[in-house]
Amino acid sequence: MSAGTNLEVGAELVTQRYVVRRSDLVRYAGASGDLNPIHWSDRVATEVGLPGVIAHGMYTLALAARAVATWTGDAEVVELGAKFTAPVVVPDDDTGVEVEVAGTVASVEDGLATIKLTVTSSGQKVLGMPKAVVRA
Amino acid sequence: MPVDASLVGRTYPPTRPYTVSEAKVRELAATTGADWDGGPVPPTFPIVLAFEAMNAFLEAEGVELARIVHGDQKFRYERPLRVGDVLTAALTVASVRSIGGNDVIGTTSEVRDVDGALVCATSATLVHRGAA
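A.B. asks: It is not clear to me how unusual backbone geometry should be interpreted in this structure. Could you clarify?
C.D. replies: One can expect most non-glycine residues to show negative phi and most peptide bonds to be in trans. Residue and element names in this part refer to chain A. The phi dihedral of D74 falls on the positive side, at around 65°, and the residue is not glycine. Secondary-structure assignment places D74 in the loop between helix 3 (57–72) and strand 2 (77–84). According to the C-beta neighbour criterion, D74 is partly exposed, with 16 such atoms within 10 Å. Located in the positive-phi region is S122, a residue other than glycine, with phi close to 50°. By the element assignment, S122 lies in the loop between strand 4 (112–121) and strand 5 (124–125). S122 gets classed as exposed once you count the C-beta atoms within 10 Å, which come to 12.

Here it is as structure tokens:
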């Protein structure tokens, strides 16, 4: 399915919300092969100076990519990236933490749409300059 | 400092060939709550290969994974990944800087198919945290 006609310059895409719990991080660790203990062990995370267990930056980016897929009807992604500027601290409880993915269509040219993303958790931006370029 | 500027420009041997399987794509998609049913392979999938290349690099240089925090990641795709692709990733150290007691290591990894064609070029910044 192509990106269709919803990707017009300036279009604000519907904010997507995802809840992240410890169990999601364990699942992501196993699936991705990223077994860094800062993503599942409070002891190790605090030993290296982090506030607690943090989500894999790539997990947050995977959620952002899922939002892009939802908005564009699974359009082909030709570019995706972000800086991991602030950690998403995931508490050891049943509630977890929410990650919000908002997006705006920044440009459409030569058959490619650039979507600028805003990814926040607990009111703070957690990704720096996240963006996706899709075939429109 | 386990990583120093003498490594800049070094390319590590490619990872062993990796076959993209339906089961793995579904498993990774499910981590985000998505129910993958044979559509496009999610664009973050090549991290599986990039991560293997990064682990080999860290092991070769004696760097402890727990001291690494991911600073950024970018992917540029020459074509979408497909189930059945047999891929390798080769990591090159692009830069090493020391900032506030941390080593900031810039890496690039090229993901290629069995014919040697570039499928995805990815870059990652790895922040090696000094003693807390």
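Let's pick the thread back up.
A.B. asks: Before we go on, may I ask you to explain the pairing of strand 6 (residues 127–135) of chain A in this structure?
C.D. replies: Every regular strand shows the same layout, with side chains that alternate between the two sheet faces. Residue and element names in this part refer to chain A. The sheet contact formed by strand 2 and strand 6 spans six bridges and is antiparallel. Among the inter-strand pairings, E79 is bridged to a residue of strand 6, identified as V133. Summarising the sheet, strand 4 and strand 6 pair through five bridges and their orientation is antiparallel. The residue bridging K116 from the neighbouring strand is K131, located in strand 6.

Calculation rules
- Residues numbered from 1 in each chain as written.
- Chains lettered and ligands numbered in written order.
- Predicted model: local features only at pLDDT ≥ 70, side-chain atom pairs only at ≥ 80, totals over all residues.
- Helix = DSSP H or I, 4+ residues; strand = E, 2+ residues; numbered from the N terminus.
- Buried ≥ 20, exposed ≤ 12 C-beta atoms within 10 Å, placed from the backbone.
- Pairing = 2+ DSSP bridges.

Don't take any of this as a statement about function, it's just geometry.
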